[in-house]
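A look at the structure
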Amino acid sequence: MMKDLKTCQFWFITGSQHLYGEETLKKVAEHSESMVEKLNQANQIPAEIVFKIVATTSEAIENIIEEANYDKSCVGIITWMHTFSPSKMWIRGLGKLQKPYLHLHTQFNREIPNEDIDMDFMNLNQAAHGDREHGFIGTRMRLPRKVIVGYWEDKHVKEKIGLWMRSAIGVMTSKKLKVARFGDNMRDVAVTEGDKVEAQIKLGWSVNTYPVGDLLAYIDAVSEAEIDAIVKEYEQAYIIKTDNIESVRYQARLEIGMETFLKKGGFDAFVNTFEDLNGMKQLPGLASQRLMEKGYGFGPEGDWKVAAMTSVMKTMAQGLVGGTSLMEDYTYHFAGEESLILGSHMLEICPTVAATKPSIEVHPLGIGGKDDPARLVFEGASGKAICASLIDMGGRLRLIVNDILAVKPIMAMPNLPVARVMWKPLPNLETSAEAWITAGGAHHSVISFSLTANELRDWANMMDIEFVHIAEDIDLYRFKQDLLIADLAWKLK
Ligand code: MN
């Protein structure tokens, strides 16, 4: 489940060399320490940065990188060359690096001190060329890494560092991620399928199936007192708009039973399918929505890729403004440039994306032949967001992200019995959907009001998977050319 980000560490390694002498190296260490201390005070930085060493030899670099690889609290490393650090001495260490890598290109002082600048100052403040030497070896060794440039005390630079840290936390989460599958993928559906072995090799996701019968034992074991307590929580958090309390209580039973199963197995995400509810009286609706609200990833119709992505993105987004949920493109409102998508699902949209206090309602489902399920109904938030879809291209994974502008639903839709989010996909529906469909994007996606395409691009780069961005400035001709070239490039990789 979701980790407390404050327990995640990023190791700060300052590069230098012996030629400068003790006095200068002492200054390098002092400056590094004070930078790290101030960065840790910034609210843009979600986890702890730990200053480790001023590295001046090949052995020291190798040792610290080996330690970083093995230390479970270390999520990634940040390097900075305050002075010049000949890069051949980084080859042995960087060749072993297995964690996310940020090269921060900054300098300790903001401005050139007109009167005070002398040769001592020049010897100490050399990042302008020291970091270029460091950058070369990263490129020469083809190391996946992020380069962030700017003055370290500037807000936007701290923001960039903090967001990259979130992507790296997404990498760490991925490598340990466990998905429980209650039932297989919906019969005959293609896009929710995929190579689970490849996903585990590439992304670290463990995706295994558990019979619904095993889960039922947990659901049946839930006591009436436990259900009473959860229903009290419902009364606090939501508006109860139904007389069918039995249906609501049954969803509480499902919620507790599923959560117990997931906790016991250390799962981060789960899927189910309406085609395999053997022994369950209702499709989990409210129950799945609640578990998503608590941070679990969820995928309907056996869609384990969307379940895992929801979990990864929820972890990355912890503490940011705005929610993250499973989403599905449901139906369109065609209105030229202002055409909109109505997104929803049979039941399971996460209340973290709600604009209003959700209400619990009970309605027939019309599919699956089970009892009427209780679900949370609400209108989604408005504002800038993204929709992300991970697909299996056969031989590789592709992550597609579309920038969107969510709006308050333009009509009340009083007879629509599910949570709904409405958005304008950028640049407009026609262009976005043409690009999405050409790239093979799924009908299921993850919507996030807190992350942007940049964090997912960094995550995809670190996971070594393809990334495709449908943004406001998309040029469809170039987009298709890029897909063609990427297809070749990924085959050669
Ligand atoms: Mn669906």
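No experiment lies behind these values; they were computed from the predicted model shown. (Residues numbered from 1 in each chain as written. Predicted model: local features only at pLDDT ≥ 70, side-chain atom pairs only at ≥ 80, totals over all residues. Heavy atoms only, no water.)

1. Section: the overall build of the protein chain
Summing up its helical and strand segments, the protein chain has 15 helices and 19 strands in all. The C-alpha radius of gyration computed for the protein chain amounts to 25 Å, which stays within 12% of the reference 23 Å derived for 493 residues, consistent with globular compactness. With the principal axes as the frame, the protein chain shows a C-alpha extent of 80 × 55 × 45 Å. In the protein chain, of all internal contacts separated by at least 6 residues, the share reaching a separation of at least 24 is 79%. Once the 53 positive and 66 negative side-chain charges of the protein chain are each reduced to a mean point, those two points are 2 Å apart. (Helix = DSSP H or I, 4+ residues; strand = E, 2+ residues; numbered from the N terminus. Rg over C-alpha atoms; globule rule 2.2 N^0.38 Å. Contact = heavy atoms within 4.5 Å. Lys, Arg positive; Asp, Glu negative; His and termini not counted. Charge placed at Lys NZ, Arg CZ, Asp CG, Glu CD.)

2. With respect to the domain arrangement of the protein chain
According to the domain assignment, the protein chain consists of domain 1 (5–175) and domain 2 (178–492). One C-alpha centre belongs to domain 1, the other to domain 2, and the line joining them spans 37 Å. Of the residues lining the interface, 15 residues belong to domain 1; the matching set on domain 2 comes to 16 residues. For the domain 1 and domain 2 pair, buried surface summed over both sides reaches about 1,300 Å², with 61% attributable to carbon and sulfur atoms. Three residues, R166, S167 and S174, lead the burial of domain 1 against domain 2; their summed loss comes to 40% of the area buried on that side. Here domain 1 and domain 2 share one salt bridge between them. We note a salt bridge from K146 to D458, for which the minimum N-O separation is 3.1 Å. Along the contact surface separating domain 1 from domain 2 lie seven residue pairs in polar contact (both at pLDDT 80 or more). No other element matches helix α6 (residues 155–176), which puts 11 residues into the side of domain 1 that touches domain 2. (Domains from an automatic or database assignment. Buried area = accessible area lost by both parts, 1.4 Å probe. Salt bridge = Lys/Arg side-chain N within 4 Å of Asp/Glu carboxyl O. Polar contact = N/O pair within 3.5 Å; in protein donor to acceptor, adjacent residues only side chain to side chain.)

3. Remarks on the environment of E466
As for its placement among the helices and strands, E466 is situated in strand β19 (residues 466–470). Owing to a relative accessible area of 3%, E466 belongs among the buried residues under this scheme. Sequence separation between E466 and L390 is 76 residues; the distance between their C-alpha atoms is 9.6 Å. Among all residues touching E466, those that are not within four sequence positions of it are R396, L397, R398, L399, L483, A486 and W490. Within polar-contact distance, the side chain of E466 engages the side chain of R396 at 2.7 Å. (Buried < 20%, exposed > 50% of the residue type's maximum accessible area, 1.4 Å probe, protein only.)

4. Considering the coordination of the manganese ion
Coordination of the manganese ion by the protein comes from E301 (OE), E328 (OE), H345 (NE2) and H444 (NE2), over a distance range of 2.1 to 2.7 Å. Binding-site remark: the manganese ion is held by donors from one chain whose sequence spacing is E-x26-E-x16-H-x98-H. You can see E328 sitting in strand β11 (residues 324–333) and its partner H444 sitting in strand β18 (residues 444–448), a full 116 residues away along the chain. The exposure class assigned to E328 is buried, which follows from its relative accessible area of 10%. (Donors = N, O, S within 2.8 Å, 3.2 Å for Na, K, Ca; no water.)

5. Section: helix α13 (residues 429–439)
Taken residue by residue, α13 has L429, T431, S432, A433, A435, W436 and A439 as its buried positions. Just downstream of α13 lies G440, where phi reads positive at about 90 degrees.

6. Some thoughts on the packing of α6 against helix α12 (residues 304–317)
Following both chains from N to C, one finds α6 and α12 inclined at 140 degrees, their axes separated by 8 Å at the closest point. In terms of orientation, α6 lies oblique with respect to α12. Remark: the crossing between α6 and α12 carries right-handed chirality. Contact residues: R166, S167, I169, G170, T173 and S174 in α6; V312, T315, M316 and A317 in α12. Taken together, the residues of the contact of α6 with α12 sort by class into four nonpolar, five polar and one charged. (Axes fitted to C-alpha atoms, helices over the stretch in contact; angles between N-to-C directions. Parallel < 35°, antiparallel > 145°, perpendicular 65-115°, else oblique. Left-handed = near helix turned anticlockwise from the far one by under 90°. Nonpolar A, V, L, I, M, F, W, Y, C, P; charged D, E, K, R; others polar.)

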